[in-house]
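# Architecture and fold: a report
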Amino acid sequence: MKTTNENNIATYIHLSTLSQYCIPFGNYIFPILIWTSKKEESEFIDYNGKQVLNFQLSMLLYTLILSMIAIPILVFTIFSTLPIYSIVDEPSFFLHHLNLEDISGIVIVAFLSILTFFGLKITEFFLIIYAAVKTSNGEKYRYPLTINFIK
């Protein structure tokens with residue numbers, strides 16, 4: 001039997017991940033602090049703490065993979081189309097030497113990675129809110145697309 005206090009603490013664990021928008025790495029620090037201090041008191045709190053951390057670590061992994069795809073492609077494409085002398089001699093070299101004809105299909109992959117990243121962040125936001133609502137009602141929620149790092 002779960003108490004209201006357990007539901008509230010589990011809900012705070014989920015909502016504490018939203019601190020990432022104000023504090024760097026707050027989505028890891030605050031859930032870990034709340035979870036480790038209360039996990040011995042309740043199996044429900046322990047379950048939700050693990051779910052939150054697994055979800056945040058999965059999002060970090062997905063973000064790193066998308067970054068490893070997008071950033072090198074964009075940097076290589078931008079600097080491969082520019083002559084070296086224009087970087088030194090002309091302060092407005094981007095306007096004169098970059099054009100849409102130099103964009104190849106691989107750059108489209110980079111832009112799709114960036115769009116996927118933003119879609120992932122929006123989905124993450126709504127999933128956190130949804131998980132908090134489910135948890136406040138006393139239900140166990142499992143995030144989709146989550147890799148179980150912590151069992």
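Higher on the page you've got the structure.
The structure contained in this document is the topic of the report that follows. Residues take numbers from 1 onward in each chain, read along the sequence in its written order. Where totals are concerned, whole chains, interfaces and linings use all residues; where local detail is concerned, this predicted model gives features only for residues with pLDDT of at least 70, and gives and counts side-chain atom pairs only at 80 or more. Excluded from the side-chain calculation are hydrogens and water; included are all heavy atoms of the structure.

### Side note on the overall build of the protein
Secondary structure is summarised from DSSP: a helix means a run of H or I of at least four residues, a strand means a run of E of at least two, and numbering begins at the N terminus for each. For the protein, the count of helices and strands is 6 helices and 0 strands. When the elements of the protein are put in sequence order from the N terminus, they spell out α-α-α-α-α-α. Classification of residues uses two cut-offs on accessible area relative to the type maximum, computed with a 1.4 Å probe and protein chains only: under 20% is buried, over 50% is exposed, and between them is partly exposed. Looking at the protein residue by residue over its 151 residues, the buried ones come to 36%. In the protein, once contacts between residues fewer than 6 apart in sequence are set aside, the share between residues at least 24 apart is 68%. With the model as given, the accessible surface of the protein reaches about 9,300 Å², and the carbon-plus-sulfur share is 71%. Between two residues, a contact is recorded if the distance between any of their heavy atoms is within 4.5 Å. Here the Shrake-Rupley method, with its probe set to 1.4 Å, supplies the accessible areas, and only the displayed protein chains count as covering residues.

### Overview of the nonpolar core
In this structure, I13, F55, L127, I128, Y141 and Y143 are the most contacted members of the largest nonpolar core, which totals 16 residues. Secondary structure elements with two or more residues in this core: helix 1 (4-15), helix 3 (43-80) and helix 6 (105-136). No other element matches the 6 residues that helix 3 contributes to this core. Not counting residues up to four positions away in its chain, the partners in contact with I128 are H14, T17, L18, Q20, F55, Q56 and Y143. Think of a nonpolar core as a cluster: buried Ala, Val, Leu, Ile, Met, Phe, Trp, Tyr and Cys residues, connected wherever their side-chain atoms sit within 4.5 Å. If you look at the next biggest cluster of nonpolar residues, it comprises 5 residues, including A70, I73, V107 and A110.

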